[in-house]
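Summary of structural features
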Amino acid sequence: MSTFADRFAGRLDGQTVLVTGAKGGIGYETARGAGNSGATVLVHARRADAARQAVEHLTRASNGEGGYVAVAGDLGSLAGVRALVDAVRQISPGGLNGLVNNAGAAFSSRALSPDGYERTIAINHVALAALTDGVRDLLRKGADTIATPSRVVNMTAVIEARGNLVEDWSRPGKFKQIQAYGDAKLLALMYTYALARRHEGDGLTFNAVSPGAVKTTLGSTAGGPFKVIQAVTNPFIGPPEKGSRGCVRLLADPELASATGGYYSSARLKKSSEKSRDRDAQDRVYEKTAEELGISR
Ligand SMILES: NC(=O)c1ccc[n+]([C@@H]2O[C@H](COP(=O)([O-])OP(=O)(O)OC[C@H]3O[C@@H](n4cnc5c(N)ncnc54)[C@H](OP(=O)(O)O)[C@@H]3O)[C@@H](O)[C@H]2O)c1
């Protein structure tokens, strides 16, 4: 059966890409699409056994054009991100050609990560920024090797439009799950735009994807209102493969080889919320993120 990813057969031959949160859901399907396009995919999961199991499934479910390698790390802490960066360095010293920051989560109550960030912000924004920075040199190396920009794809959500810019990333006060999720996805999106402008023309591209409403375990894992909404909408929403199309296209479509600073929904370039497109605010998000994480400007 022909799939969306068949359009990109062979487009990632010889390339290495890292997909986070790939043990199931959209990340798994993104890994499968990239592998079917010829890539060696570093398949990330929180735990090593889950990553190995995903690799086994992917190997059976794919067309054999690419390959899969398991990597692990808990992205809920900066120590976990560093562990993942170290593992990626060991496995792929020659560099990376793509990174999909897919891992994400929502929570039904407020708690802080070991680094003092509210968990929704820690996983959906802080980990994304820290991982991207941690492998930045590998992405540059990958771009130099094939003389084509390395592509970074960051997962956001349509609910970014209801997000507010949170200044205090410990999110003190009353916790509302959906608001916290929207706020974190807005941060990730605005950071993506800021990175795209900063790296224009230097071998790295940055784009954001909103996968639409997709039937995964995100809601049931999150609990709270998320679980209820997902249970009600599940019969009417798309499968993970559909949700992965924006990521696969951004990794593999030759037409997007130098496209940067875009927001893709249903695998098409769209406009995100007006507030997310405010450049001064994007710069503030960038500066705060860089300061928090010690990222060199
Ligand atoms: N499904 C939708 O309708 C929808 C809509 C908009 C945006 N999104 C976004 O799409 C992305 C993929 O979500 P999905 O729907 O495919 O749900 P999913 O299957 O639950 O995928 C999320 C992945 O992130 C991983 N993850 C969460 N916390 C982690 C941590 N601390 N360390 C390492 N990995 C962690 C999860 O691993 P564990 O299972 O080990 O926690 C899981 O593999 C997320 O960024 C989500 O916010 C989804």
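Refer to the structure presented above.
So, a few notes on the structure that sits alongside this text. (Residues numbered from 1 in each chain as written. Predicted model: local features only at pLDDT ≥ 70, side-chain atom pairs only at ≥ 80, totals over all residues. Heavy atoms only, no water.)

1. Regarding the pairing of strand S2 (residues 40-45)
Definition in use: The classification of residues rests on relative accessible area computed with a 1.4 Å probe and restricted to protein chains. Under 20% of the type maximum is buried, over 50% is exposed, and intermediate values are partly exposed. Under the scheme used here, helices are H or I runs from DSSP no shorter than 4 residues and strands are E runs no shorter than 2 residues, and both carry numbers assigned from the N terminus. Being paired, for any two strands, means DSSP has found at least two bridges between them. If you view a crossover with the strands going away from you and the path from the first strand over the helix to the second runs clockwise, you call it right-handed.
For S2, the buried fraction is high: five of the six residues fall into the buried class. Note: strand S1 (residues 16-19) against S2, four bridges, orientation parallel. Note on S2: the bridge partner recorded for Thr 16 is Thr 40. Note on the crossover from S1 through helix H1 (residues 25-36) to S2: the handedness is right-handed. Sheet topology places S2 next to strand S3 (residues 67-72); six bridges connect them, and they run parallel. Paired with His 44 across the strands is Val 71, a residue of S3.

2. Examining the packing of aromatic side chains
Centre distance and the angle of the planes are the two values used to describe a pair of aromatic rings. The cut-off we apply is this: Aromatic contacts are taken between Phe, Tyr and Trp rings whose centres are within 6.5 Å, Trp giving its six-membered ring; a plane angle under 30 degrees counts as stacked, one over 60 as edge-to-face, and the others as tilted. Placement of a positive charge over a ring is assigned whenever Lys NZ or Arg CZ falls within 6 Å of the ring centre and within 35 degrees of the normal to the ring plane.
This structure, assessed with the given rule, holds four aromatic pairs. With centroids separated by 5.6 Å and ring planes inclined at 70 degrees, the aromatic side chains of Phe 4 and Phe 8 adopt a geometry described as edge-to-face. Each member of the pair, Phe 4 together with Phe 8, is buried. Over the ring of Trp 169 we find Lys 288; its NZ or CZ atom is 4.8 Å from the centre of that ring.

3. What about the nonpolar core?
For soluble globular proteins, nonpolar side chains are generally found buried alongside one another. To keep it simple, the criterion reads: Note on terminology: a nonpolar core comprises buried Ala, Val, Leu, Ile, Met, Phe, Trp, Tyr and Cys residues joined through side-chain atoms within 4.5 Å.
Leu 18, Val 88, Leu 96, Leu 131, Val 135, Tyr 191 and Leu 293 are the most contacted members of the largest nonpolar core, which totals 47 residues. Elements represented by at least two residues in this core include exactly helix H3 (78-91), helix H4 (119-134), helix H5 (136-146), helix H6 (177-198), strand S6 (204-210) and helix H11 (279-293). Core analysis: the second largest hydrophobic core is formed by 32 residues, Phe 4, Ile 26, Ala 54 and Ala 267 among them.

4. Notes on the sheet that holds strand S4 (residues 98-101)
Note the threshold: Angular values range over 0 to 180 degrees, each being the angle between N-to-C directions of two axes fitted as lines to C-alpha atoms, with helices fitted over their stretch in contact. Whether two residues are in contact is decided by their heavy atoms: any pair within 4.5 Å suffices.
Judged by pairing direction, the sheet is mixed, and its eight strands sit side by side in the order S3-S2-S1-S4-S5-S6-S7-S8 without closing on themselves. Of all strands in the sheet, those with a lone pairing partner are S3 and strand S8 (268-270), marking the two edges. Here the strands of the sheet are splayed against their neighbours by 25 degrees on average, with no regard to which way each runs. As paired elements, S6 and strand S7 (residues 263-265) share three bridges and run parallel to each other. Residue pairing in the sheet places Ser 210 in a bridge with Ser 265 of S7. Relative to S3, H3 is tilted by about 145 degrees, and along the sheet it contacts S1, S2 and S3.

5. What to know about the pattern of salt bridges
Pairs can form between side chains of opposite charge whenever their charged atoms are close. Here is the rule we go by: Salt-bridge detection follows one rule: a side-chain nitrogen of Lys or Arg within 4 Å of a carboxyl oxygen of Asp or Glu.
Counting across every chain of the model gives 13 salt bridges. Where Arg 198 meets Glu 287, a salt bridge forms, and the shortest distance between an N and an O atom there is 4.0 Å. With Arg 198 in helix H6 and Glu 287 in helix H11, this residue pair connects regions lying 89 residues apart in the sequence. Judged by its relative accessible area of 35%, Arg 198 falls in the partly exposed class. Beyond isolated ion pairs, a larger network of salt bridges with shared partners links Arg 197, Arg 198, Asp 283 and Glu 287.

6. A short note on the site of the ligand
Quick note on the threshold: Think of it this way: one heavy atom of a residue within 4 Å of a molecule or strand is enough to make that residue near it. As used in this structure description, the phrase polar contact means that two N or O atoms lie within 3.5 Å; if the pair is within protein, one of them must be able to donate a hydrogen and the other to accept it, and residues adjacent in sequence are counted only when both atoms belong to side chains. We get accessible surface area from the Shrake-Rupley algorithm with a probe of 1.4 Å; when it comes to residues, only the shown protein chains can shield them. Only Asp, Glu, Lys and Arg are considered charged in this grouping, and only Ala, Val, Leu, Ile, Met, Phe, Trp, Tyr, Cys and Pro are considered nonpolar; every other residue, Gly among them, is considered polar.
Not every one of the 26 residues close to the ligand is listed here, only the nearest: Arg 46, Leu 75, Asn 102, Tyr 181 and Thr 216. Within the side chain of Lys 23, an N or O atom sits 2.8 Å from an oxygen atom of the ligand. In the environment of the ligand, an oxygen atom lies 2.6 Å from a nitrogen or oxygen atom belonging to the side chain of Arg 46. The fraction of the free accessible surface of the ligand (870 Å²) that becomes covered by protein chains is 90%. Counting residues per element, the ones that place at least two in the shell around the ligand are H1 and H6. Tallied by class, residues from the shell around the ligand come to eleven nonpolar, eleven polar and four charged.

7. Side note on the side chain of Ser 170
One can find Ser 170 in the loop between strand S5 (150-155) and H6. Within the local environment of Ser 170, its side chain forms a polar contact with the side chain of Asp 168, the two groups lying 2.8 Å apart. Sequence-distant contacts of Ser 170, that is, excluding residues within four places in its chain, are made with Arg 110, Leu 112, Gly 116 and Glu 118.

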